[in-house]
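# Observations on the model geometry
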Amino acid sequence: MDDQLTRPQRRRAVAALVAIVVAGVIAALGVLLVVAAVTEDAAIERYTGNANADVVSVSFSRTLVRFQTPDGAEHLPSVGVLYPEALEEGQVVRVEYDQRNPDLVRVAGRGAALTILPVSTAVLGVWVVAGGFLYWLRRQGPLNVRRLRPRRRIRL
C-alpha cells in the first residue's frame, strides 16, 4: 500500500488537524480564563477591602471605577473592574478590592462563578463547529491524519 497521500487527502488531513488544534487551544484558553478569575477572587477574598465606587467609563473592553481607600488614596484601576455586567456610567456601586493591590477590584457580591457559563458556552460552540467541520471532512473519506508524517522505517 502506498504511504503517500494525494494532494486532496493531504489538504483534508491538514484541515482536520488545524481544526482540532484551534479548538483545543481555545478550550485551554477558556480553562485559563476561569482559573485566572478564581485566582483573582481568592486574592481579593484574602485581604478584602470595601468601598463605594463611581462608574467613570463603560466600554466594550473595560469598565472603569473610581473609589477611595480608608487611607484617603483615590484609585482608578486602569484594567477596570471585574464582573461589570449591567453597570452604567455615573452609577455608584459597592466594590471589593485587594487591600495589598487596590487595582484588583470587583463589584461586590459577584465572583468567578459568573465566568463559567459564558466561557463554557463559547468553548462548547467552538467544539460544535469544529466537530461539524470534521464530520463534513470525514464524509469525503478517511482523514488519514496519522499519515501526514510518514513513519520512518529503521533498516538494519
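Throughout what follows, the structure given in this document is the object of discussion. (Residues numbered from 1 in each chain as written. Predicted model: local features only at pLDDT ≥ 70, side-chain atom pairs only at ≥ 80, totals over all residues. Heavy atoms only, no water.)

Now for the environment of Val-129. Checked against the element boundaries, Val-129 lands in helix H2 (residues 113–139). Distance from Val-129 to Ala-19, taken between C-alpha atoms, is 9.1 Å for residues 110 residues apart in sequence. (Helix = DSSP H or I, 4+ residues; strand = E, 2+ residues; numbered from the N terminus.)

What follows covers the pairing of strand E5 (residues 101–107). Here E5 lies mainly inside the structure; five of its seven residues are buried. Examined bridge by bridge, strand E4 (residues 92–98) and E5 share four bridges and lie antiparallel to one another. Bridging from a neighbouring strand, Val-95 pairs with Val-107 of E5. (Buried < 20%, exposed > 50% of the residue type's maximum accessible area, 1.4 Å probe, protein only. Pairing = 2+ DSSP bridges.)

Before going further, it helps to spend a moment on the nonpolar core. Counting residues in hydrophobic clusters, the biggest one holds twelve residues: Ala-51, Ala-53, Val-55, Val-65, Phe-67, Val-81, Leu-87, Val-93, Val-95, Tyr-97, Val-105 and Val-107. Contributions of two or more residues to this core are made by strand E1 (48–58), strand E2 (63–68), E4 and E5. Val-81 has contacts with Thr-63, Val-65, Leu-87, Val-105, Arg-106 and Val-107, leaving out every residue within four places of it along the chain. Core analysis: the next-biggest nonpolar cluster, separate from the first, contains five residues, Ala-19, Leu-134, Leu-137 and Leu-143 among them. (Core = buried A, V, L, I, M, F, W, Y, C linked by side-chain atoms within 4.5 Å. Contact = heavy atoms within 4.5 Å.)

Another point: the packing of helix H1 (residues 7–46) against H2. The geometry of H1 relative to H2 is characterised by a closest axis approach of 10 Å and an angle of 175° between their N-to-C directions. Taken together, the axis directions place H1 and H2 in an arrangement best described as roughly antiparallel. (Axes fitted to C-alpha atoms, helices over the stretch in contact; angles between N-to-C directions. Parallel < 35°, antiparallel > 145°, perpendicular 65-115°, else oblique.)

Attention shifts here to unusual backbone geometry. We note that Tyr-83 has phi near 60°; this positive angle belongs to a residue other than glycine. Assignment of secondary structure puts Tyr-83 in the loop between strand E3 (74–75) and E4. Since its relative accessible area comes to 8%, Tyr-83 is described here as buried.

Quick look at the layout of surface pockets now. Of the volumes computed, that of the largest pocket is approximately 270 Å³. What lines the largest pocket is a set of 13 residues, among which Leu-33, Ala-37, Leu-82, Tyr-83 and Thr-115 lie closest to the centre. Looking at the lining of the largest pocket, the elements that each hand over two or more residues are H1 and H2. By residue class, the composition of the lining of the largest pocket is ten nonpolar, one polar and two charged. (1 Å grid on protein atoms, 1.4 Å probe; cavity = no way out; pocket = protein on both sides within 12 Å on 5 of 7 lines; lining within 4 Å. Points joined across faces, edges and corners; volume = space filled by probe spheres on them. Nonpolar A, V, L, I, M, F, W, Y, C, P; charged D, E, K, R; others polar.)

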